[in-house]
There are 4 protein chains.
Amino acid sequence: MSRNSIRLGLVGGGDSSFIGGVHRAAAALCGRYTIAAACLSSDPARARQFAARIGIAPDRGYDSFTQMAASERARPDGIEAVAILTPNGLHYEVAKTFIRAGVHIICEKPLTTRLADARHLIELARGSDRVIAVAHAYTGYSTVHEARARIKGGALGAIRIIQVEYAQSWLATALERSGHAIAQRRTDPELNGAAGCVAAIGSHAFNLASFVSGLSVREVSAELTAFVPGRAVPDNAHIMLRYAGDARGMMWISQVAPGHENDLRLRVYGDKASLFWSQRDPDNLIFSVQGEPSQRLVRGGPASLAEGPNPMRAPSGHPEGFVEAFANLYRDVARQIAAVAEHRACDPAALWVPNLRDGAQAVAFADAVLESSKRNGGWTQLSPIE
Amino acid sequence: MSRNSIRLGLVGGGDSSFIGGVHRAAAALCGRYTIAAACLSSDPARARQFAARIGIAPDRGYDSFTQMAASERARPDGIEAVAILTPNGLHYEVAKTFIRAGVHIICEKPLTTRLADARHLIELARGSDRVIAVAHAYTGYSTVHEARARIKGGALGAIRIIQVEYAQSWLATALERSGHAIAQRRTDPELNGAAGCVAAIGSHAFNLASFVSGLSVREVSAELTAFVPGRAVPDNAHIMLRYAGDARGMMWISQVAPGHENDLRLRVYGDKASLFWSQRDPDNLIFSVQGEPSQRLVRGGPASLAEGPNPMRAPSGHPEGFVEAFANLYRDVARQIAAVAEHRACDPAALWVPNLRDGAQAVAFADAVLESSKRNGGWTQLSPIE
Amino acid sequence: MSRNSIRLGLVGGGDSSFIGGVHRAAAALCGRYTIAAACLSSDPARARQFAARIGIAPDRGYDSFTQMAASERARPDGIEAVAILTPNGLHYEVAKTFIRAGVHIICEKPLTTRLADARHLIELARGSDRVIAVAHAYTGYSTVHEARARIKGGALGAIRIIQVEYAQSWLATALERSGHAIAQRRTDPELNGAAGCVAAIGSHAFNLASFVSGLSVREVSAELTAFVPGRAVPDNAHIMLRYAGDARGMMWISQVAPGHENDLRLRVYGDKASLFWSQRDPDNLIFSVQGEPSQRLVRGGPASLAEGPNPMRAPSGHPEGFVEAFANLYRDVARQIAAVAEHRACDPAALWVPNLRDGAQAVAFADAVLESSKRNGGWTQLSPIE
Amino acid sequence: MSRNSIRLGLVGGGDSSFIGGVHRAAAALCGRYTIAAACLSSDPARARQFAARIGIAPDRGYDSFTQMAASERARPDGIEAVAILTPNGLHYEVAKTFIRAGVHIICEKPLTTRLADARHLIELARGSDRVIAVAHAYTGYSTVHEARARIKGGALGAIRIIQVEYAQSWLATALERSGHAIAQRRTDPELNGAAGCVAAIGSHAFNLASFVSGLSVREVSAELTAFVPGRAVPDNAHIMLRYAGDARGMMWISQVAPGHENDLRLRVYGDKASLFWSQRDPDNLIFSVQGEPSQRLVRGGPASLAEGPNPMRAPSGHPEGFVEAFANLYRDVARQIAAVAEHRACDPAALWVPNLRDGAQAVAFADAVLESSKRNGGWTQLSPIE
């Protein structure tokens, strides 16, 4: 909208996708992008139709992402960044193409469905100055930044325990066998990988815990279950985690938990204090110093350490939600891109965005979880991402 | 962004305004508007500078709203709608100008600071097909629509009691005497009227209660207080209300209540059931049928009656916030404008937006409250808005 | 049970009474009383039967309270204290009898149904050293003591606003016409006075607000309603209050509010901080200093100012409930009685129990509320209790 | 108090014990016991002094539990039941003595510190009609009974997932090395066994989950940690559980979690619905049927299935707490004892009390957890209790 808008392309995220709408809303809310090109379906007619519907010029609504990469590269006003919103199994090919095209990338999670692919993307991107972000977008919440800033600043002391859970209910029945397209895709190991709920939402929980605590996971012991008869991928995961240092953690991931629409909760305990955050109440953070009353830290309220949200949004007490968190991520990516364009160092506050390496670690985590579960819960090391 | 975008102008809402940013974000999130012109300051240099910063073409960044109305009218691509975001005392003049210019209007609340002015706007607009909305935007929350739909459908039975409150803390000290610009403006009776907190936030509470319950207030008994020494307008209001029929209500409005960042809460009790909504937890509605367990109704969840939010936004369980509520209002205004443009009846679901008459009633309410307080709490009828 | 047990008599509170069981449980839990005599019904057979059932010796199960007062007085092991648990309309006669008998008294609220009667009891008791407590037992919660201690200590600064409400749902339908004995009694103006919900539960809200804030009410403006057709007493009250000094308050009392089993909530706002307490979560107190994060003060937790609960009960984090609050009141009355018996000053901490004067003030409040409502909400002074 | 009172003896629970006070309060509140004898210390002077303080006759304040068992047996009015409240390491010897004496028993948890001892107690009690209850008293909450009744009745369908946690903060620092007597005892493996937090509070979590779900644990995979340097027993446990059938569970036990005074929480998910209970809000149960809004089930409220609490206590909406839960357990034990005395079958509702076998299973659980942790989290079967 502004003349400094970054020209953004979309691959995937059409019609029946919910995340497509979220990315477009986030880009709009952020205010620093113009959606200039899109490849929204592999069916040419649908791709054109949907592109037109969201205001893409006719010649920039593509039905092939390789063609889109080539054509856009040839234009003086070609896209500068691309959002990859396809089914998980295609992330790798699309990302590869746009890394080679020198375009900045915002890739939906999980980065890839195979760890080797994630490693290959890292290899391809080595030495490039292009920004590659992975949309583990729960890290975009202002209160999540606040939690990370407090822990980094030592407010919790040495971290001992990390409890994280991500519970949903929407797959509690065999929805994929009732003609529900999204459920079919999500539970199809070919399209989305064998890790099921671990990749779909566990990767968020994993990323969030590491993002906030600053600690990496060394090894896991996991029990995966497919509770719904006939389901080809796990819909529930119980995982114990050993973090770097002496910290220990536990993770529960479920898509078969009645009562939970979308409950991602993180609790971090140090030897001095603890922090609790819940995605359902994202404007608040509970901070409990040992021997003192618990405090409710409100977004933008007294005692905030972290850089606030976009000042063009709502003040403290006016709730921010999911799209705002996404928009914060888009904003920080835009700031990184601007720094690259202007050949200057980026404001460190804008670097708190999950990157290619973070995305690869979440894939390594899913791999280790699958492996541990096959080994009857034996402790399994995460393959290192260098 | 889309080719069907409504060309929107802004009057006010520049630099130091928080609400300006919210309107721009809402318009962007809604996705149906392009901000095409603006008059963001009466200081020509600042007006141009700020207009440029938000991407307005140089020739459409005005420093006079009358000039803006005239120039835009003369253009083939002139603005179709305007958002009025000035200090309250100017709403009347600006609205008058743009009603005369035949432009659709979204006006910040309170509509005017004087009831006679509000009546005059109604007079001026009589017979016109232009859309005039007043940004009592809490009504934009999907859960608020759900509450209204349930009550309209009879789920509560006959309404008996309405308890509404709007508490903030930010004026608990004499902020206006410490150089805080917004506090100065908000507590200045010349700029914002004599009703202080009643106009600033009480008008929201009043509107919300009427919007949800479908009932209008007949008379009020009020006690206004300025707790902060030297403050020229009330910062706290205690009000009893008699609604049409036999319903009775109570309202508490405060800007001096430590612990409340921005707490707007509504409870409606009928002879069959009750509903509770809180702005701090806006994705949930508590519904309690007499003799049954209380239910938590989640936005977009099972049993939803109301039309959902914009499908391009987050699904149930992914919180929506303040900007989304505003964007819902912008969306519905866009749908009304489209119906006008296409000479067809508007989808009734898009008509649940506070209009000129609703805005005038909130002004009449503030008037009656001031009058009752002067009369030591004597019951005072609201001047009817026909 | 212990050899220092106070011998307690009961008048009323038999069979169908819930409050009778609560008093017996509280006395037992407190551990300082032995129930030695009782007059539990005016029907001799039922009185004997019920007395036997709760372990009263046959010769001390009376069917007349006057006979009980006389007989017990004549015994060397006669009762030292009496709990008055009859329908409200009888409190006066029973209290008069036992004041004359020189027995300590714990009287259920409201103290009397007529203010003149309350004044007469004060007159009768003047000069006596007997303890007379009124069971506004919500004041017995440890967290309520903590709130009072904090306010007394200046933590809130000058009190500005007091918001109190007491909402129930059990009378939302015409229960009294369906053969429900307690509902019949409670809505019978002959038995329980004309003030309906104001006496039944409003007296608690009034007492609690005064107890915690340390402020007395000067005048009220009230709107009473009987929402259930045919009901002879008000079942809903909206009240504005002017406290001593400049504090202002609001009270909502209802017995027709679906969703509320028994919700008594108090919020007190000063110029420095606020406190929030809810009977449904009685182990916690929310304390919000202006400009700082809100704190949750847990019973017995860090930063407690008030004397804790009975150390023979559960530690911090193990919830205390209604019976414990009652037992705290019984404990403090026992400590007062012990001080009288031992001719020594009582520990000031044991004096935080509503007394005859407090009980009379609650009656004066109900009177003023009825009067104001008759006068269409005109501000009405509380008759002073000297 | 009543003439049908059960004569109760106490072993342990003197002076510095908090649980002693809770048992006495529960017995008093229940109203069916008279504390007739006690052995409250192994120090004769302290034993006598403390016994006198709680009203025990001088000749029945013992300083040896074996002497107490013998003397009481010889009296016509000897104790009928005994509460065993000593340090955990002594439970076995005391229980053995009183089983042999034919006295009913309420034993604090954990039943024993060694599984062999628990088995021996089962052996000794075989064929006896004496009641032996283990005070896993969280099962006494009315809402916990409601949860069990609903699951037993099929409301959740087939159970899939059980998430239970018990977190405290009080041992987050090295309290045992600062002269804190209770902390010293609790962290002393000689006195309280090697299982630390697993025995102290994990046994409650284990018992509660089994009690409510009706499922038994087959095997566990555990990670025990002593986070406080120098601590001789684990203060944190992460445990995965495999239940009978296909249910899977997770348990977190911690005494080093700042912000948690005493947080026991249970969530059970079936293929139809889920239930959530938290000890900090024990009057409410959240019940979520897949595809319907979540419901809050209030104790004694609409739709209650389970037998309510003692009718002599507070009605719905008046919170019950920890002592009430204990008193419910005491009440049900009294009902069982009465059935034995009267040679009749016991009301099935009174049998929902953890018994000797349940106590032994909790010991077997702690054993398996210790064993699994030593084996680096290898899945370890629970030794069966037949």
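Residues numbered from 1 in each chain as written. Chains lettered and ligands numbered in written order. Predicted model: local features only at pLDDT ≥ 70, side-chain atom pairs only at ≥ 80, totals over all residues. Heavy atoms only, no water.

Participant: Any chance you could explain the overall build of chain A here in plain terms?
Facilitator: Scanning chain A for helices and strands turns up 11 helices and 15 strands. Oriented by its inertia axes, the alpha-carbon framework of chain A measures out at about 65 × 50 × 40 Å. Put simply, 68% of the contacts in chain A that link residues at least 6 apart link residues at least 24 apart. Counting every atom, chain A has about 13,000 Å² of accessible surface; 51% of that belongs to carbon and sulfur. Here chain A carries 41 positive and 37 negative side-chain charges, and the mean point of each set is 2 Å from the other. (Helix = DSSP H or I, 4+ residues; strand = E, 2+ residues; numbered from the N terminus. Contact = heavy atoms within 4.5 Å. Areas by Shrake-Rupley, 256 points an atom, 1.4 Å probe, with all protein chains shown as cover. Lys, Arg positive; Asp, Glu negative; His and termini not counted. Charge placed at Lys NZ, Arg CZ, Asp CG, Glu CD.)

Participant: For this particular structure, what's the right way to read the interface of chain A and chain D?
Facilitator: A common way to express how large an interface is: the accessible area buried when the components associate. Each partner contributes to the interface: chain A provides 42 residues, whereas chain D provides 42 residues. Of the roughly 3,400 Å² buried where chain A meets chain D, counting both sides, 55% is carbon and sulfur surface. When the buried surface of chain A facing chain D is broken down by residue, A:Arg160, A:Pro258 and A:Gln290 rank first, second and third, together holding 19% of it. Linking A:Glu223 and D:Arg248 is a salt bridge whose minimum nitrogen-to-oxygen distance equals 2.5 Å. Applying the counting rule to chain A against chain D returns 22 residue pairs in polar contact (both at pLDDT 80 or more). Elements that contribute at least two residues to the side of chain A that touches chain D include exactly strand E7 (159-167), strand E8 (217-225), strand E9 (236-243), strand E10 (248-254), strand E11 (263-270) and strand E12 (273-278) of chain A. No other element matches the 6 residues that E10(A) contributes to the side of chain A that touches chain D. Of the residues in the side of chain A that touches chain D, the class split is 16 nonpolar, 17 polar and 9 charged. (Buried area = accessible area lost by both parts, 1.4 Å probe. Salt bridge = Lys/Arg side-chain N within 4 Å of Asp/Glu carboxyl O. Polar contact = N/O pair within 3.5 Å; in protein donor to acceptor, adjacent residues only side chain to side chain. Nonpolar A, V, L, I, M, F, W, Y, C, P; charged D, E, K, R; others polar.)

Participant: Help me understand the interface of chain C and chain A, please; the structure alone is not making it clear to me.
Facilitator: Between chain C and chain A, the contact holds 9 residues from the first and 9 residues from the second. Summing both sides of the interface, chain C and chain A together bury roughly 700 Å²; the carbon and sulfur share of this comes to 61%. Three residues stand out in chain C for area buried against chain A, namely C:Pro293, C:Ser294 and C:Pro302, and they jointly supply 59% of the buried area on that side. The tally of links between chain C and chain A comes to 0 salt bridges. If you look at where chain C meets chain A, you find 2 residue pairs in polar contact (both at pLDDT 80 or more). Its residues placed into classes, the side of chain C that touches chain A shows 4 nonpolar, 3 polar and 2 charged.

Participant: Help me understand unusual backbone geometry in this model?
Facilitator: The phi angle of most residues is negative, glycine excepted, and most peptide bonds adopt the trans form. Here the residue pair C:Lys109 and C:Pro110 is connected by a cis peptide bond, since its omega of -10 degrees sits within 30 degrees of zero. Take C:Pro110: it is sitting in the loop between strand E5 (104-107) and helix H5 (115-125). If you check the backbone angles, D:His343 has positive phi at about 50 degrees while not being a glycine. As for its placement among the helices and strands, D:His343 is situated in the loop between helix H10 (322-341) and helix H11 (356-374). Residue D:His343 is classed as exposed on the basis of its relative accessible area, which comes to 73%. (Buried < 20%, exposed > 50% of the residue type's maximum accessible area, 1.4 Å probe, protein only.)

Participant: Help me understand the sheet that holds strand E6 (residues 132-134) of chain C in this model?
Facilitator: Strand-to-strand pairing in sheets goes through backbone hydrogen bonds, with the strands running parallel or antiparallel. Residue and element names in this part refer to chain C. Across the sheet, which stays open at both edges, the 6 strands sit in the order E3-E2-E1-E4-E5-E6 with parallel pairing between neighbours. Looking along the sheet, the strands with just one partner apiece sit at the ends: strand E3 (61-62) and E6. Where E5 lies against E6, 3 bridges are found, and the strand directions are parallel. Each bridged residue has a counterpart across the sheet, and for Ile105 the counterpart in E6 is Ile132. (Pairing = 2+ DSSP bridges.)

Participant: Before we go on, may I ask you to explain the pattern of salt bridges in this structure?
Facilitator: Where charged atoms of side chains with opposite charge meet at close range, the side chains can pair. With the rule as written, the count across this model stands at 116 salt bridges over all chains. For B:Glu386, the salt bridge goes to B:Arg119, with nearest N and O atoms at 3.9 Å. Here B:Arg119 lies in helix H5 (residues 115-125) and B:Glu386 lies in the segment after strand E15 (380-381), a separation of 267 residues in the sequence. Residue B:Glu386 is classed as exposed on the basis of its relative accessible area, which comes to 60%. In this structure, D:Arg75 engages D:Asp59 in a salt bridge whose closest nitrogen and oxygen atoms are separated by 2.9 Å. Of this pair, D:Arg75 sits in the loop between helix H3 (65-74) and strand E4 (81-85) while D:Asp59 sits in the loop between helix H2 (44-53) and strand E3 (61-62); the two residues are 16 residues apart in sequence, bridging distant segments of the chain. With relative accessibility at 25%, the residue D:Arg75 sits in the partly exposed group. Several salt bridges converge on common partners, so that one network encompasses A:Glu165, A:Glu261, A:Asp263, A:Arg265, A:Arg280, B:Arg296 and D:Arg267.

Participant: When you look at the sheet that holds strand E4 (residues 81-85) of chain B in this model, what are you seeing that I'm missing?
Facilitator: Taken together, 6 strands build an open sheet; the order of strands is E3-E2-E1-E4-E5-E6 (chain B) and the sheet is parallel. Strands with a single pairing partner mark the edges of an open sheet, and in this sheet they are strand E3 (61-62) and strand E6 (132-134) of chain B.

Participant: Can you help me understand the pairing of strand E8 (residues 217-225) of chain C in this one?
Facilitator: Regular strands show a simple pattern: their side chains alternate between the two faces of the sheet. Residue and element names in this part refer to chain C. The buried fraction of E8 is high, at 8 of 9 residues. Two strands pair when backbone bridges link them, and E8 and strand E15 (residues 380-381) are joined in this way by 2 bridges, in the antiparallel orientation. By the bridge assignment for E15, Val220 is matched with Thr380.

Participant: Could you clarify how one ought to interpret the packing of helix H9 (residues 197-213) of chain D against H11(D) in this entry?
Facilitator: The description of two helices packed together rests on the angle between their axes and the distance between the axes. Residue and element names in this part refer to chain D. It is the contact of H9 with H11, at a shortest axis distance of 9 Å, that shows an interaxial angle of 120 degrees. It follows that H9 is oblique to H11 by the angle criterion. The chirality of how H9 crosses H11 is right-handed. Two secondary-structure elements touch here, H9 through Val198, Gly202, Ser203, Phe206 and Asn207 and H11 through Asp358, Gln361, Ala362, Phe365, Ala366 and Val369. A per-class count over the contact of H9 with H11 returns 6 nonpolar, 4 polar and 1 charged. (Axes fitted to C-alpha atoms, helices over the stretch in contact; angles between N-to-C directions. Parallel < 35°, antiparallel > 145°, perpendicular 65-115°, else oblique. Left-handed = near helix turned anticlockwise from the far one by under 90°.)

Participant: Explain the environment of C:Gly140 to me, please; I cannot follow it from the model alone.
Facilitator: Residue and element names in this part refer to chain C. Tracing the backbone shows Gly140 in the loop between E6 and helix H6 (142-152). Here Gly140 falls in the buried class, since its relative accessible area comes to 6%. C-alpha separation for the pair Gly140 and Ala327, spaced 187 residues apart in sequence, amounts to 7.6 Å. In this view, Gly140 contacts His145, Ala325 and Asn328; residues no more than four positions away in its chain are not counted.

Participant: Before we go on, may I ask you to explain the relation of the copies chain C and chain A in this structure?
Facilitator: In this arrangement, two copies of a chain are superimposed by a rotation about an axis accompanied by a shift along the axis. Expressed as a screw operation, the relation of chain C to chain A combines 0.0 Å of axial shift with a rotation of 180 degrees, fitting to an RMSD of 0.0 Å. Here the transformation between the copies is reduced to the relation of a two-fold axis. Scanning chain C for the C-alpha nearest the rotation axis identifies C:Gln295, at a separation of 2.3 Å. A shared binding surface is used by both copies, with 100% of the interface residues of chain C retained as interface residues in chain A. (Least-squares fit on C-alpha atoms with pLDDT ≥ 70 in both.)

Participant: What am I meant to see in the confidence of the model for chain A here?
Facilitator: Low pLDDT means the predicted atomic positions in that stretch should not be read closely. When pLDDT is averaged across chain A, the result is 93; 97% of the residues are at 70 or more. Overall fold confidence (pTM) sits at 0.96, and the ipTM for the predicted complex is 0.95. (pLDDT = per-residue confidence, 0-100.)

Participant: Could you clarify how one ought to interpret the side chain of A:Ser221 in this entry?
Facilitator: You can see A:Ser221 is positioned in strand E8. From its side chain, A:Ser221 meets the backbone oxygen of A:Gly377 in a polar contact 2.5 Å long. Residues in contact with A:Ser221, not counting those within four places in the same chain, are A:His238, A:Ile239, A:Met240, A:Ser372, A:Gly377, A:Gly378, A:Trp379, D:Ser221 and D:Met240.

Participant: So what exactly am I meant to see when it comes to the packing of helix H3 (residues 65-74) of chain C against helix H4 (residues 91-100) of chain C here?
Facilitator: Residue and element names in this part refer to chain C. Look at H3 against H4: their axes get within 10 Å of each other, and the N-to-C directions meet at 15 degrees. Put simply, H3 runs roughly parallel to H4. As for the relative orientation of H3 and H4, their crossing is right-handed in sense. Across the interface between the two elements, Phe65, Thr66, Met68, Ala69 and Arg73 from H3 touch Glu93, Val94, Thr97, Phe98 and Arg100 from H4. Of the residues contributing to the contact of H3 with H4, the split by class is 5 nonpolar, 2 polar and 3 charged.

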